[in-house]
Amino acid sequence: MRRALELARHAEEAGEVPVGAVVVLNDEIVGEGWNQPIVSHDPTAHAETVALRAAAVRVRNYRLSDAVLYVTLEPCAMCAGAMVHARIARVVYGAADPKTGAAGSVFNLLDSPALNHHPQLTSGVLAKECGQMLRDFFEARR
């Protein structure tokens, strides 16, 4: 999660919402990402999808069955869906997202009985630090 926080700072420096993500497989980071939808003109370029794409290319497989994804903010519906499709084994997030969170706050797509894969979920890891980074970012923009 500490690496994900470092990556979130890259997003912040670019004027993006500071969210960072890493994909870990066999104790090795195989994918990294930070929010970049504004600079890349890509609404799907959330930290998680960027990290998932990098990991899939690195391991040469779109299935990441034994991987863990760490992200500083609770995933949205799009990112949660991508995690299910990638068959991520476990998702670990920092701050909850009471407005668009899809891992328990607003929706719970990662545990939906309608879906065929259910990653393990761990929430609240370094939540204070992750949440404070987001609060500071939005306060500065007001």
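Scroll up to find the structure this text is about.
Just checking my understanding: could you explain the pairing of strand β2 (residues 28–34) for this structure?
Regular strands place their side chains on alternate faces of the sheet. As defined by bridge partners, strand β1 (residues 20–25) adjoins β2 across six bridges and the pair is classed as antiparallel. When the sheet's bridge partners are listed, V24 is paired in β2 with I29. As consecutive antiparallel partners, β1 and β2 are separated by two residues, and within that stretch N26 has a phi angle of approximately 55°, a positive value.

Is there a simple way to explain the side chain of E74 in this structure?
Looking at the element boundaries, E74 is found in the loop between β3 (68–73) and α4 (77–86). One buried charged side chain, E74, makes no salt bridge at all; its nearest oppositely charged neighbour is R135, positioned 12 Å away. A distance of 3.2 Å separates a polar atom in the side chain of E74 from the backbone nitrogen of G104. A polar contact is formed between the side chain of E74 and the side chain of S105, at a distance of 2.5 Å.

What counts and what doesn't
- Sequence order sets the numbering: in each chain, residues are counted from 1 along the sequence as written.
- At least 70 in pLDDT is required for a residue's local features to be given in this predicted model, at least 80 for side-chain atom pairs to be given and counted, and no such filter applies to totals for whole chains, interfaces and linings, which use all residues.
- The basis for every side-chain value is the complete set of non-hydrogen atoms in the structure, without hydrogens or water.
- Between any two strands, at least two bridges found by DSSP are needed for them to pair.
- Working definition: helices are DSSP H or I runs of at least four residues, strands are E runs of at least two. Numbering for both runs from the N terminus.
- Exposure categories follow from relative accessible area, calculated using a 1.4 Å probe and restricted to protein chains: below 20% of the type maximum is buried, above 50% is exposed, and the middle band is partly exposed.
- Under this rule, positive means Lys or Arg and negative means Asp or Glu; His and the chain ends count for nothing.
- Any carboxyl oxygen of Asp or Glu that lies within 4 Å of a side-chain nitrogen of Lys or Arg is treated as forming a salt bridge with it.
- Any pair of nitrogen or oxygen atoms within 3.5 Å is treated as a polar contact; in protein, a donor-acceptor pairing is required on top of that, and neighbouring residues in sequence qualify only through side-chain atoms on both sides.

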